[in-house]
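# Residue-level structure breakdown
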Amino acid sequence: MSIDYQGILEKIQQEVQPLIGQGKVATYIPELAKVSPHHFGMAVYCLDGRRFAVGDAFQKFSTQSVTKLFALALAFEREGDAIWKRVGREPSGNPFNSLTQLEYERGVPRNPFINAGALVINDILAQRFVQADVAVLQFMRQLADQPKIEFDRAVALSEQKHAHRNNAIAHLMKDFGNLHNPVDTVIDSYCRQCAISMSCMELAQAGSFLANHGTIPWSGQVILDSSSAKRLNAVMLTCGTYDVAGDFAFRVGLPAKSGVGGGILAIVPGELAVCVWSPGLDSAGNSLAGVMALELFTTMTARSIF
Ligand code: GLU
């Protein structure tokens, strides 16, 4: 039986209305604090090319940590299993910007989705590409089939000016020998990467190769082999939604990556990618309305990995 995705998205939009505007917009990057918490958008990109959207699904927003997924995919594609020598793949159970765990685990980040791990991935990319952030940008343009995707320079600068904690993390890893490029280079590149602006529809399309065993559905280009795509989906499921990945799996049941801009990209293997955006965050840093929307989505469509 075919699923009425458009009808379901419209129903979800109505049901999450009471939550929209309730969460807190991230303020530690001052430029993000200017975004209204009242946005809500959701987009579905099916492997057969059908697209469905509601609300602000075509409005650009700051993708932030959602880019960590694409940086990881690019590094994994280039370096293969060698990346796991420098970054782990266990949930951290700690805040995404924690320094303490990194100290007692001797500069090897728990996973590529906490800030320390994403900095290591950026460092790995910097050894392969002239500029890691530009490589990630071009990769996302290719995956979304959208050459106009850009950095938001105001957001990048705003984060660079306030990146004291990320600087501390990078220096600690440098001290442990797990950062090869200069700290400033990696931080600047990482902040620009996080400042890539995209819409829900663009992100859903960009993520669809992960629903399609690593192959871009519309072009047939192989980005990752199916085994590698499986592994990335597993890291998303266990580590992709800050330190509440267990609760997210319980409620939503999909591999996903969230960001403090309020976006969450989730994958239904074999079928589609779905992206939701609402900037108000819950106490863990995930979009409050976004998590509820995805929970309703898997309940109403009976599409989860479980
Ligand atoms: N650029 C943000 C930071 O490093 C990303 C945080 C996030 O979205 O999780 O703090």
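Structure shown above.
All values derive from a computational prediction rather than experimental measurement.

## Observations regarding the site of the ligand
Taken together, Tyr-28, Gln-64, Ser-65, Phe-96, Asn-115, Glu-159, Asn-166, Tyr-190, Cys-194, Tyr-242, Gly-259 and Val-260 make up all the residues around the ligand. Tyr-28 places a side-chain nitrogen or oxygen 2.6 Å from an oxygen atom of the ligand. Within the side chain of Tyr-190, one N or O atom sits 2.6 Å away from an oxygen atom of the ligand. For the ligand, whose free accessible area comes to 300 Å², the fraction covered by protein is 99%. Split by residue class, the shell around the ligand holds 6 nonpolar, 5 polar and 1 charged.

## Notes on the packing of aromatic side chains
The tally for this structure, following the rule as stated, stands at 7 aromatic pairs. With a centroid separation of 6.5 Å and an interplanar angle of 55°, the aromatic rings of Tyr-28 and Phe-96 are classed as tilted. Of this pair, Tyr-28 sits in the loop between helix H1 (5-16) and strand E1 (41-46) while Phe-96 is found in the loop between helix H2 (66-79) and helix H3 (100-104), placing the two residues 68 residues apart along the sequence. Given a relative accessible area of 17%, Phe-96 falls into the buried group. A ring pair is formed by Phe-61 and Trp-277, whose centres lie 4.9 Å apart and whose planes are at 5°; its orientation type is stacked. Within this pair, whereas Phe-61 is found in strand E3 (residues 61-62), its partner Trp-277 is found in strand E8 (residues 272-277), the two being separated by 216 residues in sequence. Owing to a relative accessible area of 4%, Phe-61 belongs among the buried residues under this scheme. According to the relative accessible area criterion, Trp-277 is buried, its value standing at 2%. Directly above the ring of Trp-84 sits Arg-89, whose terminal nitrogen or CZ lies 5.2 Å from the centroid. The lysine or arginine in question, Lys-257, covers the ring of Tyr-242, its NZ or CZ lying 4.9 Å from the ring centre.

## Notes on the nonpolar core
The biggest cluster of nonpolar side chains holds 72 residues, and the ones touching the most others in it are Phe-70, Phe-209 and Leu-210. Take this core: its biggest share by element is 9 residues, from H2. Apart from residues no more than four positions distant in its own chain, Phe-70 is found in contact with Phe-139, Met-140, Leu-143, Leu-203, Ala-206, Gly-207, Phe-209 and Leu-265. Ranked by size, the runner-up nonpolar core spans 29 residues in total, among them Leu-9, Val-54, Ala-256 and Ile-264.

## Side note on the side chain of Gln-64
Here Gln-64 is to be found in the loop between E3 and H2. Apart from residues lying up to four places away in sequence, Gln-64 is in contact with Ile-29, Leu-32, Val-155, Glu-159, Cys-194, Ala-195, Gly-259, Val-260 and Gly-261.

## Observations concerning the sheet that holds strand E4 (residues 150-151)
Pairing is antiparallel in the open sheet, where 3 strands are placed in the order E3-E5-E4. In this open sheet, the two edge strands, each paired with only one partner strand, are E3 and E4. Of the pairings in the sheet, the one linking E4 to strand E5 (residues 196-198) comprises 2 bridges and is antiparallel in character. The residue of E5 that forms the bridge with Phe-151 is Ile-196.

## Description of the environment of Gly-261
When you line up the elements, Gly-261 lands in the loop between strand E6 (256-258) and strand E7 (263-268). Given the relative accessible area of 9%, Gly-261 is considered buried. With near-sequence residues (within four places) excluded, Gly-261 lies in contact with Phe-61, Ser-62, Gln-64, Trp-277 and Pro-279.

## Examining the pairing of E7
Of all 6 residues in E7, 6 are buried; the element is thus mostly enclosed. Of the two faces of E7, the one carrying Gly-263, Leu-265 and Ile-267 and the one carrying Ile-264, Ala-266 and Val-268 are both buried. In the sheet, E6 pairs with E7 via 3 bridges, with the strands oriented antiparallel. Of the residues in E7, the one forming a bridge with Ala-256 is Ala-266. In sequence, E6 turns back onto E7 through a hairpin of 4 residues, with Gly-262 there showing a positive phi of about 100°. Where E7 meets E8, 6 bridges bridge the pair, whose relative direction is antiparallel. Paired with Ile-264 across the strands is Val-276, a residue of E8. Connecting E7 to the next strand, E8, in antiparallel fashion are 3 residues, including Gly-270 with a positive phi near 85°.

## Structural notes on the sheet that holds E8
Strand order in the open sheet formed by 5 strands is E2-E1-E8-E7-E6, and the pairing between neighbours is antiparallel. Of all the strands in the sheet, just strand E2 (51-55) and E6 have a single pairing partner and so form its edges. Adjacent strand axes in the sheet meet at a mean angle of 10°, parallel and antiparallel pairs treated alike.

Reading guide: rules and limits
Residues numbered from 1 in each chain as written. Predicted model: local features only at pLDDT ≥ 70, side-chain atom pairs only at ≥ 80, totals over all residues. Heavy atoms only, no water. Near = heavy atom within 4 Å. Polar contact = N/O pair within 3.5 Å; in protein donor to acceptor, adjacent residues only side chain to side chain. Areas by Shrake-Rupley, 256 points an atom, 1.4 Å probe, with all protein chains shown as cover. Nonpolar A, V, L, I, M, F, W, Y, C, P; charged D, E, K, R; others polar. Phe/Tyr/Trp six-rings, centres within 6.5 Å; stacked < 30°, edge-to-face > 60°. Helix = DSSP H or I, 4+ residues; strand = E, 2+ residues; numbered from the N terminus. Buried < 20%, exposed > 50% of the residue type's maximum accessible area, 1.4 Å probe, protein only. Lys NZ or Arg CZ within 6 Å of the ring centre and 35° of its normal. Core = buried A, V, L, I, M, F, W, Y, C linked by side-chain atoms within 4.5 Å. Contact = heavy atoms within 4.5 Å. Pairing = 2+ DSSP bridges. Axes fitted to C-alpha atoms, helices over the stretch in contact; angles between N-to-C directions.

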